[in-house]
Amino acid sequence: MMRIAISTIAFERGLFSEDCFEDKTLMGVDIKSLSNFEDNSSQLLAWLEEGVFEALEKQFLKKLIMNFHEDEDCVHAPYETYECAFL
């Protein structure tokens, strides 16, 4: 489900070109799933697969926060934040 959430955020925010997403159906709902088509999308997927999912499996990860900034020099003032807590 985390992959779907990140894919949806990435698609809705326009983080990658539409070519980076595959159309899929999950439980009767059409979704966009992030795929390995660009270096940046591949990097995000690698972080998910090799970092987030592994940390979840080992129960190391308690919270994932995804921030969006308008200016990379102003990292303390995100204009949008997504937070997932894992119990």
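Everything that follows concerns the structure shown earlier in this document.
Before going into details, it helps to say that this report is about the structure given with it. (Residues numbered from 1 in each chain as written. Predicted model: local features only at pLDDT ≥ 70, side-chain atom pairs only at ≥ 80, totals over all residues. Heavy atoms only, no water.)

**Concerning the pairing of strand 2 (residues 29–34)**
Within a regular beta strand, the side chains point alternately toward one face of the sheet and then the other, so they alternate between its two faces. When strand 1 (residues 21–26) meets strand 2, the two strands line up antiparallel, connected through six bridges. Across the sheet, E22 pairs through a bridge with S33, a residue of strand 2. Here strand 1 folds back onto strand 2 in antiparallel fashion, the turn holding two residues, of which M27 has a positive phi close to 55 degrees. (Pairing = 2+ DSSP bridges. Helix = DSSP H or I, 4+ residues; strand = E, 2+ residues; numbered from the N terminus.)

**Some thoughts on the nonpolar core**
Of all hydrophobic cores here, the largest spans 15 residues; its most connected members are I6, F16, F21 and L34. Breaking this core down by element, the ones donating at least two residues are helix 1 (2–13), helix 2 (39–57) and strand 3 (63–68). (Core = buried A, V, L, I, M, F, W, Y, C linked by side-chain atoms within 4.5 Å. Buried < 20%, exposed > 50% of the residue type's maximum accessible area, 1.4 Å probe, protein only.)

**Let's talk about the environment of A46**
As for its position among the elements, A46 is in helix 2. Assessed through its relative accessible area of 23%, A46 is described here as partly exposed. Along the chain, A46 and E72 lie 26 residues apart, while their C-alpha atoms are 22 Å from each other.

**A word on the side chain of S41**
With respect to the helices and strands, the residue S41 is situated in helix 2. Within the local environment of S41, its side chain forms a polar contact with the backbone oxygen of S35, the two atoms lying 3.2 Å apart. Those residues in contact with S41 that lie beyond four places of it in its chain are F16, C20, L34, S35 and N36. (Polar contact = N/O pair within 3.5 Å; in protein donor to acceptor, adjacent residues only side chain to side chain. Contact = heavy atoms within 4.5 Å.)

**Some remarks on helix 1**
Across its 12 residues, helix 1 extends 16 Å between first and last C-alpha, which sits within 8% of the 16 Å expected from 1.5 Å per residue. Within helix 1 the residues assigned to the buried category are M2, I6, S7, I9 and A10. Take helix 1 and look down its axis: the buried residues cluster within an arc of 165 degrees, on one side only. Positive backbone phi, approximately 70 degrees, marks G14, located one or two places after helix 1. (Expected span 1.5 Å × (residues − 1). Arc of directions from axis to C-beta.)

**Points about the environment of S35**
Looking at the secondary structure, you find S35 in the loop between strand 2 and helix 2. Taking C-alpha positions, S35 is 15 Å from T25, a pair spaced 10 residues apart along the chain. Apart from residues no more than four positions distant in its own chain, S35 is found in contact with C20, E22, S41 and L45.

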